[in-house]
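# Summary of structural features
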Amino acid sequence: MKVSSDALHINPTYLTEEFSSKFKSVLQSTEADDAGSCEPFPHFALKNFIEADGFMECLREELSSIEWHRKENDLYSLSQTADLASFGPARCPNLCKFREFMKTSVRDWLMRASGVELNETVAMTGSNYSFTDCLLPHDDELEGRRFAFVFYLTPGWKQQYGGDLKLFKTDENYRPVDIGTSLTPEENCMTLFEVSPKSWHCVAEVLSETEKRMSINGWFHGQSLPRPTALLIPQPSLPKIKPSHNVTYEEVLAWINPEYLAPDQQGEIRETFESESQIILVNFLKTDKYDEMRRDLLEGGKFKSCGPPNKRRYETLLEADTASESAIATCLRLFRSEAMCLLLSQWTGLNLHPLANQQQTITSSISDSEPQPSKKRKLSSSANDDGEDHPETGASTSDNVDDNDEVLITSEIRRFSHGSYSVVDDEIALDSEAQGFCLDAQMFFGPDNSWPKNSGGTTSYIAKDDEEELLSVEPRGNSLALVFREPDVFSFVKFVNARAGDHIFHSLTAAYFGPDDPEDQGDE
């Protein structure tokens, strides 16, 4: 292993009073130049930052040789080292030299250039992004972080390799909206920005199957910038509706595989679900209905992008543009009905319908749950139009019924393709905890064949304060995934990466709120 004897120095270009004056102007959003920009928030890309011939090669080689740990969750997929403070000079002389350089010379320079007082804490780690790795939008805000930095060790990196650092514009409530600028990794470039409520950024997916995006990154610590009250404004979520009475037994027979309506089969499904709290019902819809839905979604469905990017990126069906007699509208009506609540109760043992625990056949139960024709309501096809960027639903709260007051439903149809994802944040976690127990139902339309391996798109369930995955649901055409979700369990859809190619799938995603904890239901 090579050990560099070169002393490390900051490029003299960045040591002048003129540069310090410009640095402060950029921070105050009053000036910009080749090294720094105010938009979409103040940031700097300081090329050829270190003057030391041969040091970059020694640092890259040493960093590549130490232990890396694979990290994957809803927000990122990459390999990382431990904090560089854990490595000693006997094993890692070049890393230690760089670490001390950052903690002394660079820290002192940054305080002079910015006019910001920093404490002695400088957190550093190595990051390595391989093919399909990425880091989704986040703002880096954590108590004590004042400046974020990335020092690139990427010789010969090209823009087509992906891995750009993308900085987001924000709205009036400091929520990310669109990408404002992209910074391509460059060897010996120090990228810096002040951590603030506006510092939303991401690392784009690495698209090269051979090149590695390696860097040393971290934070200089000091007094955090204040967090505006506007950030506490909750974002809109899917509206909840009561199940409707506008599905007949004949429609159930026309749509659902009769295997799942047979009492013996329902008993076996319920036994499995009560044991595992989840089950996948394959070939759930009759083939003709599934094919009709798949065709309508691919050819006739109109979708819009759904955000914001710090929470999700996928498309949702515009139900207002969906014909009321179409297969899509009928399928949505089915999943929002009393009949579906009753079937779900019989498959899971959860109390989602008043007739759930009565010993009746499926025919008589659904017939009993139907209202008289004169009282039958139609499912509204009007979508929400409040200007908020949240998933739309064609269900109306006017479809309320009086005999199932404890159950509420959220539902929508989503389209996933390369670049789609959802994440769990504090707001989503708090909302999930407040909602109580629920039954998640995902009806998949596509992929036509098996979903490409390791391409993302799976729904992952995790428990609060625990990154270990509890359950993963893979998209599979014409399958219904049922998962009982407790208040401290959250779900997200893993980033659909480049391995997916042109494959897409749709899911009718519904949540049924109102079931009690099965452990409290006794032996009913």
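Residues numbered from 1 in each chain as written. Predicted model: local features only at pLDDT ≥ 70, side-chain atom pairs only at ≥ 80, totals over all residues. Heavy atoms only, no water.

Cut-off, in case you're wondering: UniProt positions are given in the numbering used here, feature names are shortened, and annotations may be inferred rather than shown by experiment.
Under the annotation held in an unreviewed UniProt entry, the protein chain carries the name Prolyl 4-hydroxylase alpha subunit domain-containing protein and is attributed to Plectus sambesii. Turning to the protein chain, the UniProt annotation filed under Cofactor (unreviewed entry) states: "L-ascorbate".

### Quick look at the overall build of the protein chain
Heads up, the condition is: Going along the chain from the N terminus, every DSSP run of H or I of four or more residues is numbered as a helix, and every run of E of two or more is numbered as a strand. A 1.4 Å probe rolled over the protein chains alone gives each residue an accessible area, and that area as a share of the maximum for its type sets the label: buried under 20%, exposed over 50%, partly exposed in between. Only the protein chains shown count as cover for residues, and all accessible areas are computed by the Shrake-Rupley method using a 1.4 Å probe.
When its secondary structure is counted, the protein chain shows ten helices and 25 strands. Going through the 524 residues of the protein chain one by one, you find that 55% of them count as buried. A total of about 23400 Å² of accessible surface is found on the protein chain, and carbon and sulfur atoms cover 45% of it.

### Remarks on the packing of aromatic side chains
Just so we agree on the cut-off: Pairing of aromatic rings covers Phe, Tyr and Trp, the last counted by its six-membered ring, and requires centre-to-centre distances within 6.5 Å; plane angles under 30 degrees mean stacked, over 60 mean edge-to-face, and any other angle means tilted. Here, over-ring charges are defined by two tests on the NZ atom of lysine or the CZ atom of arginine: distance to the ring centre within 6 Å, and angle to the ring normal within 35 degrees.
Here the structure, examined in full by the defined rule, presents 21 aromatic pairs. Aromatic pair Tyr290 and Phe445: ring centres 5.7 Å apart, planes at 15°, arrangement stacked. Of this pair, Tyr290 sits in helix 6 (residues 287–299) while Phe445 is found in strand 20 (residues 438–445), placing the two residues 155 residues apart along the sequence. Per residue, the accessibility class of Tyr290 equals that of Phe445, and both read buried. When the centroid spacing of 6.0 Å and the interplanar angle of 65° are considered together, the rings of Phe444 and Phe505 count as edge-to-face. Taken together, the residues Phe444 in strand 20 and Phe505 in strand 25 (residues 505–513) connect sequence positions 61 residues apart. Residue classification places Phe505 among the buried positions, given a relative accessible area of 1%. Chaining the aromatic ring pairs together yields one cluster made of Tyr14, Phe19, Phe23, Phe44, Phe49 and Trp109. Across from the ring centre of Phe513, 4.2 Å away, lies the NZ or CZ of Lys240, which sits over that ring.

### Structural notes on the packing of helix 5 (residues 263–276) against helix 8 (residues 338–348)
Selection rule: The axes used here are C-alpha line fits, helices contributing only the stretch in contact, and every angle between their N-to-C directions lies in the interval 0 to 180 degrees. Working rule for angles: under 35 degrees goes down as roughly parallel, over 145 as roughly antiparallel, 65 to 115 as roughly perpendicular, anything else as oblique. Residues are treated as being in contact if the distance between any of their heavy atoms lies within 4.5 Å. Polar here means any residue other than Ala, Val, Leu, Ile, Met, Phe, Trp, Tyr, Cys and Pro, which are nonpolar, and Asp, Glu, Lys and Arg, which are charged; Gly is therefore polar.
At a minimum axis separation of 6 Å, helix 5 and helix 8 run at an interaxial angle of 70°. Considering the angle they form, helix 5 stands roughly perpendicular to helix 8. Seen from helix 5, the contacting residues are Gln266, Ile269, Arg270, Phe273 and Glu274; seen from helix 8, they are Leu343, Ser345, Gln346, Trp347 and Thr348. Each residue belonging to the contact of helix 5 with helix 8 can be placed in one class, and the counts come to four nonpolar, four polar and two charged.

### Details of the nonpolar core
Soluble globular proteins tend to pack their nonpolar side chains together in the buried interior. The test is simple: To qualify as a nonpolar core, a set must consist of buried Ala, Val, Leu, Ile, Met, Phe, Trp, Tyr and Cys residues joined through side-chain atoms within 4.5 Å.
Grouped together as the largest cluster of nonpolar side chains are 45 residues, with contacts concentrated most on Ile256, Phe284, Trp347, Leu482 and Tyr512. With near-sequence residues (within four places) excluded, Leu482 lies in contact with Phe273, Ser277, Gln278, Ile279, Leu281, Leu344, Trp347, Thr348, Leu439, Asp440 and Ala441. With 43 residues, the next largest nonpolar core counts Phe23, Leu27, Leu59 and Phe220 among its residues.

### Comments concerning the pairing of strand 8 (residues 134–138)
The criterion, for reference: A pair of strands is considered paired only if DSSP assigns at least 2 bridges between the two.
Most of strand 8 is tucked away, with five of its five residues classed as buried. Taken together, the two bridges between strand 6 (residues 76–80) and strand 8 define a ladder with antiparallel strand orientation. Paired with Tyr76 across the two strands is Leu135, which belongs to strand 8. Note: strand 8 against strand 13 (residues 201–203), two bridges, orientation antiparallel. Directly across from Leu135, in strand 13, lies its bridge partner Val203.

### Points about the pattern of salt bridges
What counts here: The rule for a salt bridge is simple: a side-chain nitrogen of Lys or Arg has to be within 4 Å of a carboxyl oxygen of Asp or Glu.
One pass over the full model with this rule turns up 16 salt bridges. Residue Glu187 pairs with Arg60 through a salt bridge whose shortest N-O separation is 2.3 Å. Of the two residues, Glu187 is situated in the loop between strand 11 (176–183) and strand 12 (190–194) and Arg60 in helix 2 (residues 55–65); the sequence distance between them amounts to 127 residues. Taking relative accessible area as the criterion, Glu187 reaches 18% and is therefore assigned buried.

### So, the sheet that holds strand 22 (residues 469–473)
Across a sheet, paired strands are connected by hydrogen bonds in the backbone, their directions being either parallel or antiparallel. Taken in spatial order, the three strands make up an open sheet running 22-21-24, and their pairing is antiparallel. The open sheet has two edge strands with one neighbour each: strand 22 and strand 24 (489–493). Going from strand to strand, the sheet's axes swing by 20° on average, the running direction of each strand aside.

### Topic: the state of the cysteines
Simply put, disulfide is the name for a covalent bond between the sulfur atoms of two cysteines. Let me state the cut-off plainly: Criterion for a disulfide: a pair of cysteine sulfur atoms within 2.5 Å.
Evaluation of the coordinates by the stated rule reveals zero disulfides. Cysteine Cys96 remains unbridged, with the sulfur of Cys92 as its closest cysteine sulfur at 6.2 Å.

### Topic: the environment of Phe44
Along the chain, Phe44 falls in strand 3 (residues 43–46). Along the backbone, Phe44 and Leu27 are 17 residues apart, and their C-alpha atoms lie at a distance of 9.6 Å.

### Considering unusual backbone geometry
Note that the residue after Glu39, namely Pro40, is joined by a cis bond; omega there is 0°. Within the element layout of this structure, Pro40 appears in the loop between strand 2 (36–37) and strand 3. Positive phi is not limited to glycine here, since Asp140 has a value of about 70°. Tracing the backbone through its elements, the reader meets Asp140 in the loop between strand 8 and strand 9 (145–152). Here the phi dihedral of Asn478 falls at roughly 55°; this positive angle occurs in a residue that is not glycine. Taking relative accessible area as the criterion, Asn478 reaches 6% and is therefore assigned buried.

### Some points on helix 3 (residues 93–114)
Rules: A helix is expected to reach a length of 1.5 Å times the quantity of its residues less one. A residue's bend is given by the angle between axes fitted to the 7 residues ending at it and the 7 residues starting at it.
Counted at 1.5 Å a residue, the expected span for helix 3 with its 22 residues is 32 Å, and the 30 Å between its end C-alpha atoms agrees. Of all the bends in helix 3, the greatest, near 35°, is centred on Met102. Looking one or two residues past helix 3, Gly115 carries a phi angle of roughly 75°, positive in sign.

### With respect to the confidence of the model for the protein chain
To keep things clear, this is the line we draw: A residue's pLDDT is the confidence the predictor assigns to it, expressed on a 0 to 100 scale.
Of the residues in the protein chain, 87% reach a pLDDT of 70 or more, and the chain-wide mean stands at 88. Low confidence marks residues 371–402, where pLDDT is under 50. Its contacts with residues over four positions away, or in another chain, come to 80 contacts.

### Some thoughts on the packing of helix 2 against helix 3
Counted only if it meets this: Note on convention: near helix rotated counterclockwise from far helix by under a right angle means a left-handed crossing. Clockwise means right-handed.
One can describe the packing of helix 2 onto helix 3 by two numbers: an axis separation of 8 Å at closest approach and a directional angle of 115°. Judged by the sense of rotation from one axis to the other, the crossing of helix 2 with helix 3 is left-handed. Along its contact with helix 2, which presents Phe55, Cys58, Leu59, Glu62 and Leu63, the element helix 3 presents Pro93, Asn94, Leu95, Lys97 and Phe98. Considered class by class, the residues forming the contact of helix 2 with helix 3 number seven nonpolar, one polar and two charged.

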